[in-house]
Amino acid sequence: MKVRAKFIKSLSSVEDYENKGLEVVFLGRSNVGKSSLINSLCANKNLAKSSSTPGKTQLINIFEVEFIKDELKKNFTFIDMPGFGYARVSKSLKRLWNKNLDEFLRKKKSIKLFIHLIDSRHTALEIDEEIRKYLYSILSKEQILLTVFTKADKLNQSQRFKLNQDFAQSLLVSNLKKTGLEKLEEIIFNLG
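All values reported here derive from a predicted model rather than from experimental measurement. (Residues numbered from 1 in each chain as written. Predicted model: local features only at pLDDT ≥ 70, side-chain atom pairs only at ≥ 80, totals over all residues. Heavy atoms only, no water.)

Within the protein chain one finds five helices and seven strands. Reading the helices (α) and strands (β) of the protein chain from amino to carboxyl end gives β-β-α-β-β-α-β-α-β-α-β-α. Restricting to contacts in the protein chain with at least 6 residues of sequence separation, those with at least 24 account for 70%. (Helix = DSSP H or I, 4+ residues; strand = E, 2+ residues; numbered from the N terminus. Contact = heavy atoms within 4.5 Å.)

Time to look at the side chain of Arg29. Looking at the secondary structure, you find Arg29 in the loop between strand S2 (22–28) and helix H1 (34–41). When neighbours within four sequence positions are excluded, Arg29 is seen to be in contact with Lys34, Gly83, Phe84, Leu117, Asp119, His122, Leu125, Ile127, Asp128 and Ile131.

We now examine the pattern of salt bridges. Within this structure, the stated rule accounts for 10 salt bridges. Here Glu23 ties to Lys108 by a salt bridge, and the two come within 3.3 Å at their closest N and O atoms. Of this pair, Glu23 sits in strand S2 while Lys108 sits in the loop between helix H2 (91–107) and strand S5 (111–119), and the two are 85 residues apart along the sequence. On the basis of relative accessibility, which here comes to 0%, the residue Glu23 falls in the buried class. In this structure, Lys162 engages Asp166 in a salt bridge whose closest nitrogen and oxygen atoms are separated by 2.6 Å. (Salt bridge = Lys/Arg side-chain N within 4 Å of Asp/Glu carboxyl O. Buried < 20%, exposed > 50% of the residue type's maximum accessible area, 1.4 Å probe, protein only.)

What follows concerns the nonpolar core. Of all hydrophobic cores here, the largest spans 26 residues; its most connected members are Phe78 and Ile188. Listed by contribution, the elements that provide at least two residues to this core are S2, H1, strand S3 (60–69), strand S4 (72–80), S5, strand S6 (144–150) and helix H5 (181–189). The leading source of residues in this core is H5, at four residues. In this structure Ile188 touches Val24, Leu41, Phe67, Phe76, Phe78, Leu113 and Ile115, once residues within four positions along its chain are discounted. (Core = buried A, V, L, I, M, F, W, Y, C linked by side-chain atoms within 4.5 Å.)

Our focus in this paragraph is unusual backbone geometry. Positioned with a positive phi, Ala43 is a non-glycine residue whose angle comes to about 50 degrees. Relative to the elements of secondary structure, Ala43 occurs in the loop between H1 and S3. A positive phi is found at Asp70, a non-glycine position, where the angle reads about 50 degrees. Within the fold, Asp70 resides in the loop between S3 and S4.

The subject of this paragraph is helix H3 (residues 126–138). With 13 residues, H3 should cover 18 Å at 1.5 Å per step; its first-to-last C-alpha distance of 19 Å lies within 8% of that length. Every buried residue of H3 is listed here: Asp128, Ile131, Leu135 and Ile138. Looking straight down H3, one finds that the buried residues subtend no more than 95 degrees of arc, so they occupy a single side. Across from the buried face of H3, at angles greater than 90 degrees, the exposed residues are Glu126 and Lys133. (Expected span 1.5 Å × (residues − 1). Arc of directions from axis to C-beta.)

Sheet topology places S2 next to S4; five bridges connect them, and they run parallel. The partner of Glu23 across the bridge, within S4, is Thr77. With nine bridges joining them, S3 and S4 adopt antiparallel strand pairing. Along S4, the bridge assignment pairs Asn61 with Asp80. Hairpin connection of S3 to S4: two residues between the antiparallel strands, including Asp70 at a positive phi of 50 degrees. (Pairing = 2+ DSSP bridges.)

On to the confidence of the model for the protein chain, then. On average, residues of the protein chain score 87 in pLDDT, and 86% of them are at 70 or above. Per-element mean pLDDT across the protein chain ranges from 73 in H2 up to 97 in S6. (pLDDT = per-residue confidence, 0-100.)

Our next topic: the sheet that holds strand S7 (residues 171–172). Pairing within the open sheet is mixed, and its seven strands lie in the order S1-S3-S4-S2-S5-S6-S7. Edge positions in the sheet fall to strand S1 (2–11) and S7, since each of these pairs with one other strand and no more. Strands in contact with H1 are S1, S2, S3, S4, S5 and S6; relative to S2, the strand with the most contacts, it is inclined by about 140 degrees. (Axes fitted to C-alpha atoms, helices over the stretch in contact; angles between N-to-C directions.)

Listed below in structure tokens is the structure:
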């Protein structure tokens with residue numbers, strides 16, 4: 001599959017922007033690999049800014065993405081959300097972020113797919129369970145929630161097998177080894 005992608009803008013709160021296709025939201029705790037996954041899917045390592053510093057993404061980042069498969073073109077809007085959890089900011093700023101994120105996610109009925117990213121080495125963190133419950137509380141019947149476990153290259157074969165058994169409806173990806181990305185591309189491409 002060929003892909004074309006470009007950065008559109010960063011938002012600090014709910015603002016209107018021209019939607020060029022089905023909306024796909026990438027969210028999870030800080031430092032889980034949201035930006036890296038977007039870069040891998042878009043075959044552009046410099047598209048979404050990633051950092052080893054947790055909480056670096058502080059704005060809602062919008063990307064216009066076009067997937068091309070067998071002469072068929074489909075347009076998507078990828079939305080990279082700030083990480084939940086750790087960030088070196090004041091409590092008042094964190095509260096403002098959470099309010100803005102909640103408002104954005106609740107008001108954007110055009111979101112088709114929520115991709116909840118979880119570090120495959122830490123599958124039972126309370127923050128991930130809170131994110132999952134929150135997403136189910138706002139999900140409409142037209143929206144889909146997909147759990148994607150990142151950093152699969154850090155697991156051995158038996159750990160990957162167990163994860164696939166425990167979370168059968170999820171997807172396991174590695175940006176480093178480029179595994180699971182084609183399946184995720186197909187899921188996104190087949191939306192709508």
